[in-house]
Amino acid sequence: MTDLRSQLQEGLSGSYALERELGRGGMATVFLAQDLKHDRPVALKVLHPELASSLGPERFLREIKLAARLQHPHILSVHDSGVVVGRQSSVASEHPTTDDSRLTTLLWFTMPYVEGESLRERLRREGQLSIADAVRITREAALALDYAHRHGAIHRDIKPENILLADGQALVADFGIARALGAGDERLTETGLTLGTPAYMSPEQAAGDKGLDARTDIYSLGIVLYEMLAGETPFTAPTAQAMIARRMLETPRPLRELRDTVPDGVAQAGARALARSPADRFASAAEFARALDEASVRTSAPAPVAAATVATPPASRAVSVAARRRVPLALAVGFLLGLGVLFGWLRSHGGAEPTGPGTTRRLAVLPFENLGDSGDEYFADGVTDEVRGKLAGLPGLQVTARSSSNQYKKTTKSPQEIGRDLGVDYLLTGTVRWEKSDGTNHVRVSPELIQVSTGSTKWQQPFDAALTDVFQVQADMAGEVAQALDVALGTPQKTALAAKPTGNAAAYDAYLKGEAASQALGNGDPMAMRTAIGFYEQAVALDSGFVQAWVQLSRAHSLLYVNGGPDPQGGRRAREAAERAIGLAPNQPGPHLALGDYFTAVSGEQERARAAYEAGLRLAPNDAELLGASALVEVITGTWEQALEHFTRARDLDPRSMTIARRLGYTLVRLRRYPEALAESNRGLAIAPDNPALLENKAMVYLGQGDLEGARRVIREAPAGMDPTNLTAVFANYWDLYWVLPPEQQSLLLRLTPSAFPNRASWAFVLAQAYRLRGDLARTRAYADSARAAFEASLAGTPDDPQFHVLRGLALAYLGRKAEAIAEGERGVALLPIAEDTYSGPYLQHQLVRIYIEAGEPEKALDRLEPLLRMPYYLSPGWLRIDPNFDSLRKNARFEALVDKST
């Protein structure tokens, strides 16, 4: 055959320049190539000619096109594909021919060229990986597979060669290829080329089952996990046939026999993934990832207060699972009932605090200190939250919200300092010790009420119980406390204190693990949210009447819909869970909060969200979360003064909340109340000095006043603890402030990889804008094209998402496709006009202005720009003077009139 490289280069017709061969195998040869059209390096794979001939161009191109739609942080996406047809050399033939029987077909596709290595290369170098690295790589690959499976794609060839490691992340490669190979052409078996790799095939794949589903990939990934931990695959044999035979007949040797440091939970998850019958494996790759998450949480060390998870008891501890699950419920219920004693004392021993009708005592419940094993931390935190929630519902009390109180975990501050920080009269602290010995379990809880003005202990009472029967313990403690509650509290309050969140201890344990993973939804990270959702789902499966678990399940899905990308299935689950919670407890505030979150984040029905939040506030007028959520809806619906009132009330209840400080500061920026916005930004930064979003708020105060150097000074003087990579990515991605970055950080921006951004679409879109600012049109178009493809893939699942349409429109404008760009931008604005959403609507119209500018339509741009300066929005005359995105309008008289207006 003629030289493959020459034949391929000739057929590529100047679109790509092959630089060097990176490797070859039975399926493909890989070249490093330069994409001349987009000026970027790519990895170009060309399939083995016999395989290409059997496969056929039509099926190959169809499957590659489907694979190109998979856009996920842990999937190596496909850029391009094609067919090269050439004539086979007749030198080796005794009878040269001139007919088409000597033509050969080469099928090729390109992917981003990744600086890194394959998992196979790392295994060759290291043999075995650390447990943490093996679990992380498997988890990331499982999340990629779950995304692909939900979009109808099965990989069929998961192996270390197809998992790339770059920038600390795992990337699954070659989606679409194995699917095309497995599409049912009997001629493929005649080539002698294996569909899949014998060492990693599932039993059903090795048996030639044509009805493969997602569980075949789970099996293959289980083998990869096994190999990373054990240093070998579970079924080794001298031939492929013998290897497959062993797989059909034998059970893998347990991982802990080969490596005794592998945690039980990890080993069990791996064994389940390797079950011979698909029905015995995990139902989804996401479930596999959750199992690994849970195992990691159980075996990790205690997390710092700002971490995403809190440690749970090691799986190897000599305590039964049933006992571990009983403790949190008994501890919570028993201690909550005991609080009746405390408030009986409060009502009869007011001390120096004012008393009488209408008196409100301000209380903060600080995180209880865990005196037992470090693995017991998670349920001590859960008890604190339950206590706080119960007390917040009592009349005459103003209880500081969780996000503020929890900042004092393991604090060295004095009670007076904490009291001043939080503006409270009392602190409730406590210690928890879970003692396990001689087959018995005892929990001792020692609450202590501290009066801030004197720093003295005003009340304390230890509770010590044997937890042989959780519900008997609850009944005993309720009987002891009920007498004191009769005097101090009325019947409704007694009922509320005695109410238990669930009658199922295992469900409560799962719920607490979900709260630990998500930090009670304080951590918006999509990975943490998916982990938490798994625990919440487990909780409601164990107890379908568990209201709090339904509430958090709904809110987690809504939050994931916003931060992890719109997922229609997740959106439906958010609504179903909220409606289930309201059906169970219409007179509790939590279900209304969950339903409001759904209407705000998923369906965009802001008036219905407002009604839901108002219903919750009628039940709990001092709930900081409801106040903050209600304020956000009021911003969206344009009731700005009411929003400021609710934000201010929320701040009083949750004075250390970074989220409230950020939202209030940004609202003041949009109202162009710059001195107040600056003060709120500084207050937030005093609470969270390493938060880049608060720093961005502060920079926007200066931008609104036309002070670019002042904004850059804010960035340059960022606190030392703020990660410069994260800071750069936040400014570039949120509100498109890449142009504000000082020159040194603009250079850093161009070096960032997708791992610094929420997804590859964000990364590509940011770089397209950054190169446009520099006048590098070739790179602008290259990254804009990648962003366009990603937005189109997202629109395939959510065709009416207004932001995706507008951003796709701007990407098309950068590509010079003016008519399409304008149509997309106008469609996005029409889908969410300002009249319906005064929060996001102006931003979408702002992006349409940029599209018109790129398309050479200045008058249309100004028609859309002028209204933005008459409404609450961050653009201002001062901003227009310094924003380079408006440079092409600077000689326009209408634009100059806007700029000349007083700020």
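Residues numbered from 1 in each chain as written. Predicted model: local features only at pLDDT ≥ 70, side-chain atom pairs only at ≥ 80, totals over all residues. Heavy atoms only, no water.

A. Layout of the overall build of the chain. Scanning the chain from N- to C-terminus turns up 41 helices and 15 strands. Classification of the 903 residues of the chain by burial places 54% in the buried group. When contacts within the chain are restricted to residue pairs at least 6 apart in sequence, long-range pairs at least 24 apart make up 64% of them. Just so you have it, the chain exposes about 36,300 Å², and 49% of that area is on carbon and sulfur atoms. (Helix = DSSP H or I, 4+ residues; strand = E, 2+ residues; numbered from the N terminus. Buried < 20%, exposed > 50% of the residue type's maximum accessible area, 1.4 Å probe, protein only. Contact = heavy atoms within 4.5 Å. Areas by Shrake-Rupley, 256 points an atom, 1.4 Å probe, with all protein chains shown as cover.)

B. Seen up close, the pairing of strand 8 (residues 169-172). Side-chain alternation along strand 8 places Q169 and L171 on one buried face and A170 and V172 on a second face that is also buried. Where strand 7 (residues 163-166) and strand 8 come together, four bridges link them in antiparallel fashion. By the bridge assignment, I163 is partnered in strand 8 with V172. (Pairing = 2+ DSSP bridges.)

C. Structural context of the pattern of salt bridges. Enumeration over the complete set of coordinates arrives at 42 salt bridges. Among the salt bridges present, the one from E140 reaches R136, with a minimum N-O distance of 3.5 Å. With E140 and R136 both in helix 5 (residues 131-150) and four residues apart, the pair spans about one turn of that helix. Residue E140 is classed as buried on the basis of its relative accessible area, which comes to 10%. The partly exposed category is assigned to R136, whose relative accessible area is 25%. Connected via shared salt-bridge partners are E117, R122, R125, E126, D133, R136 and E140. (Salt bridge = Lys/Arg side-chain N within 4 Å of Asp/Glu carboxyl O.)

D. Expanded view of the packing of helix 34 (residues 760-774) against helix 36 (residues 802-814). Where helix 34 contacts helix 36, the axes come no closer than 11 Å and their chain directions differ by 40°. Taken as axis vectors, helix 34 and helix 36 run oblique relative to one another. You can see that helix 34 and helix 36 cross each other, and the crossing is left-handed. Residue-level contacts link F765, A768, Q769 and R772 of helix 34 to L807, L810, A811 and Y814 of helix 36. (Axes fitted to C-alpha atoms, helices over the stretch in contact; angles between N-to-C directions. Parallel < 35°, antiparallel > 145°, perpendicular 65-115°, else oblique. Left-handed = near helix turned anticlockwise from the far one by under 90°.)

E. Examining the confidence of the model for the chain more closely. Confidence in the prediction for the chain averages 79 pLDDT; 76% of positions are at 70 or higher. Per-residue pLDDT stays below 50 along residues 467-489; that stretch engages in 43 contacts with residues further than four places along the chain or on separate chains. (pLDDT = per-residue confidence, 0-100.)

F. Representation of the nonpolar core. Ranked by size, the top nonpolar core spans 93 residues in total, and within it L703, W739, L749, L865, Y874, L875 and F886 carry the most contacts. Sorting elements by how many residues they give to this core places helix 34 first, with nine residues. What L703 contacts, discounting residues up to four positions off in sequence, is L708, A711, L737, W739, V740, S876, G878, W879 and I882. Core analysis: the next-biggest nonpolar cluster, separate from the first, contains 69 residues, I64, L119, L145 and L171 among them. (Core = buried A, V, L, I, M, F, W, Y, C linked by side-chain atoms within 4.5 Å.)

G. Geometry of the sheet that holds strand 6 (residues 117-118). One open sheet accounts for three strands, arranged 6-7-8; its pairing is antiparallel. Each having just a single partner strand, strand 6 and strand 8 make up the two edges of the open sheet. Where strand 6 lies against strand 7, two bridges are found, and the strand directions are antiparallel. Across the sheet, S118 pairs through a bridge with L164, a residue of strand 7. Most of the contacts of helix 5 go to strand 8, to which it runs at about 40°, and overall it touches strand 7 and strand 8.

H. Molecular detail of empty space enclosed by the protein. What the rule picks out here adds up to six cavities of 30 Å³ or more. A volume near 60 Å³ is recorded for the second largest cavity. In terms of lining residues, the second largest cavity is bounded by W735, D736, L737, W739, H846, Q847, R850, Y874, W879, D883 and N885. No other element matches helix 38 (residues 841-854), which puts three residues into the lining of the second largest cavity. When grouped by side-chain class, the residues that make up the lining of the second largest cavity number five nonpolar, three polar and three charged. (1 Å grid on protein atoms, 1.4 Å probe; cavity = no way out; pocket = protein on both sides within 12 Å on 5 of 7 lines; lining within 4 Å. Points joined across faces, edges and corners; volume = space filled by probe spheres on them. Nonpolar A, V, L, I, M, F, W, Y, C, P; charged D, E, K, R; others polar.)

I. Spotlight on the packing of aromatic side chains. Tallying each qualifying case throughout the model produces 18 aromatic pairs. Taken together, the ring pairs connect Y666, W735, W739, Y839, Y843, Y873, Y874 and W879 into an aromatic cluster. (Phe/Tyr/Trp six-rings, centres within 6.5 Å; stacked < 30°, edge-to-face > 60°.)

J. Focus on the side chain of T728. Assignment of secondary structure puts T728 in helix 32 (residues 724-733). According to the relative accessible area criterion, T728 is buried, its value standing at 0%. If near-sequence neighbours (up to four positions away) are discounted, T728 is found in contact with L741, Q745, L748, L749 and L752.

K. Geometry of helix 32. Where burial is concerned, most of helix 32 is hidden: seven out of the 10 residues are buried. For helix 32, the complete set of buried residues consists of L727, T728, A729, V730, F731, A732 and N733. Check the buried side of helix 32 and you find it contacts helix 30 (692-704), helix 31 (708-716), helix 33 (743-751) and helix 34. A side-chain oxygen of the first residue of helix 32 lies 3.1 Å from the backbone nitrogen of T725; this N-cap is D723. W735 sits one or two residues past helix 32 and shows a positive phi near 70°. (Polar contact = N/O pair within 3.5 Å; in protein donor to acceptor, adjacent residues only side chain to side chain.)

L. Looking closely at the environment of A285. Along the chain, A285 falls in helix 13 (residues 285-299). A relative accessible area of 1% means that A285 is categorised as buried. A285 sits 142 residues away from L143 along the chain, and the two C-alpha atoms are 6.6 Å apart. Dropping the residues within four chain positions of it, A285 is found in contact with A142, L145, D146, H149 and I218.

M. Focus on unusual backbone geometry. For R672, which is not glycine, the phi torsion reads 60° and is therefore positive. Counting through the fold element by element, R672 comes out in the loop between helix 28 (658-670) and helix 29 (674-687).

N. Local environment of the packing of helix 30 against helix 32. Two elements in contact, helix 30 and helix 32, have axes separated by 9 Å at closest approach and are oriented at 55°. Of the possible angle classes, the one that applies to helix 30 and helix 32 is oblique. For the pair helix 30 and helix 32, the crossing hand works out as right-handed. Residues P692, A693, L695, E696 and A699 of helix 30 touch helix 32, and the partners they reach there are N726, L727, V730 and F731. Its residues placed into classes, the contact of helix 30 with helix 32 shows seven nonpolar, one polar and one charged.

O. Broad picture of the environment of G152. Tracing the backbone through its elements, the reader meets G152 in the loop between helix 5 and strand 7. For G152, a relative accessible area of 45% corresponds to the partly exposed category. C-alpha separation for the pair G152 and A214, spaced 62 residues apart in sequence, amounts to 9.1 Å.

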